[in-house]
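# Observations on the model geometry
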Amino acid sequence: MNTFTQVQLFTDADGRARFREVEIALSEGTPASRLSQLMPAAALQLRESPVGFKSDFHCTGNPQWLFVLRGRMEIGLQDGSTRVFGPGEHFYSADTLPEGAVFDPALHGHRSRQLGDEPLVTLFVRA
């Protein structure tokens, strides 16, 4: 069976954001055009971030897919690790604040920034 590798940004049991890869089955369609099952989507939104954009540490409010359409984006985690995403790449952002927790920028979430000399254009698909 064919699969699609979904990069996930999630909140681990210790409250810290981490990356993992999850396989999504492409079990429908035809041999020439494999499809996943339909997934619900509530809304989509485009964002353009100018050259030099960077955020502080934050958590995702609502889980969503993020697709990079143009430019490059770096996601940094509290442990110092980073991943860079370019055009055509994605991640599923689900590093929500743990239930009952008060946001602590030294513990929770991720930061993001635009890289290079062209604006970053992203597409968010809210789950």
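In what follows, the structure referred to is the one given above.
Everything numeric in this text was worked out from a predicted model, so none of it was measured. (Residues numbered from 1 in each chain as written. Predicted model: local features only at pLDDT ≥ 70, side-chain atom pairs only at ≥ 80, totals over all residues. Heavy atoms only, no water.)

### Observations concerning the pairing of strand E8 (residues 82–85)
Here is the rule: A pair of strands is treated as paired once DSSP finds two or more bridges between them. A run of DSSP states H or I qualifies as a helix once it reaches four residues; a run of E qualifies as a strand once it reaches two. Both are numbered from the N-terminal end.
Relative to E8, strand E7 (residues 72–77) runs antiparallel, the two sharing 4 bridges. Bridging across to E8, glutamate 74 finds its partner in valine 84. Here E7 folds back onto E8, and the loop between the two strands holds 4 residues, one of which, glycine 80, carries a positive phi near 90°.

### What about the sheet that holds strand E1 (residues 2–11)?
For the record, the criterion: As a rule, the C-alpha atoms of each element are fitted with a line to give its axis, helices using only the stretch in contact, and angles between N-to-C directions run from 0 to 180 degrees.
If you trace the 6 strands from one edge of the open sheet to the other, you get E2-E1-E9-E6-E11-E5, paired in mixed fashion. Strands with a single pairing partner mark the edges of an open sheet, and in this sheet they are strand E2 (17–26) and strand E5 (43–49). Direction aside, neighbouring strands of the sheet carry axes that sit 30° apart on average. Sheet topology places E1 next to strand E9 (residues 90–94); 3 bridges connect them, and they run parallel. Bridge pairing in E9 links leucine 9 to serine 93.

### Considerations on the sheet that holds E8
Spatially, E8-E7-E10 is the arrangement adopted by the 3 strands of the open sheet, whose pairing is antiparallel. Edge positions in the sheet fall to E8 and strand E10 (110–115), since each has one partner strand and no second. The average angle at which neighbouring strand axes cross in this sheet is 20°, direction not considered.

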